[in-house]
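Next come the chains, spelled out residue by residue.
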Amino acid sequence: MVFYNTSVRFDLDKIRIGLLNWEKIILTEEFVTNYIHDIQNICDNLDTKFYHASAVYPIHKLYGSKVYPYKRNKQTTWYIIYNLDKHGNVFINKIMSNYQTK
């Protein structure tokens, strides 16, 4: 089962707002909704993954011990940071982009 930390909803809202207000290109509401939906689909299926990569970056380790990199395009990777319990339940704590990862 997959559980979302309350802060993840804020992360998704910030992603939505950022995409809708992006000055480089105008994106439609439909495109942005589908973009967010794609990220949520990845999150919702993390409990079915056979392999769970360990977090490497120090900033990721602040939010969890596991990370799933979702490469959206050649410039953008979304890192879904989470913990697992002994039953395989996923607890998502943070979603951040490669632009926030140092």
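As shown above, the structure is provided for reference.
The notes below deal with the structure included here. (Residues numbered from 1 in each chain as written. Predicted model: local features only at pLDDT ≥ 70, side-chain atom pairs only at ≥ 80, totals over all residues. Heavy atoms only, no water.)

Considerations on the side chain of S97
With respect to the element layout, S97 can be found in strand β5 (residues 90-97). Among all residues touching S97, those that are not within four sequence positions of it are T77, W78 and Y79. (Helix = DSSP H or I, 4+ residues; strand = E, 2+ residues; numbered from the N terminus. Contact = heavy atoms within 4.5 Å.)

Some words on the nonpolar core
If you look at the biggest cluster of nonpolar residues, it comprises 20 residues, and the most contacted ones within it are L12, I15, I39, W78, I80, I92 and I95. Elements supplying a minimum of two residues to this core: α1 (6-20), α2 (29-44), β4 (77-84) and β5. Of all the elements, α2 adds the most residues to this core, at six residues. Residues contacting I39, with those up to four places away along its chain left out, are L12, I15, Y70, W78, I80 and I95. (Core = buried A, V, L, I, M, F, W, Y, C linked by side-chain atoms within 4.5 Å. Buried < 20%, exposed > 50% of the residue type's maximum accessible area, 1.4 Å probe, protein only.)

What about the sheet that holds strand β3 (residues 66-71)?
Pairing is mixed in the open sheet, where five strands are placed in the order β1-β5-β4-β3-β2. Edge positions in the sheet fall to β1 (2-4) and β2 (53-54), since each has one partner strand and no second. Pairing of β4 with β5 involves seven bridges; the strand directions are antiparallel. Bridged to Y82 within β5 is I92. Contacting β1, β4 and β5, α1 crosses the sheet at an angle of about 30 degrees to β5. (Pairing = 2+ DSSP bridges. Axes fitted to C-alpha atoms, helices over the stretch in contact; angles between N-to-C directions.)

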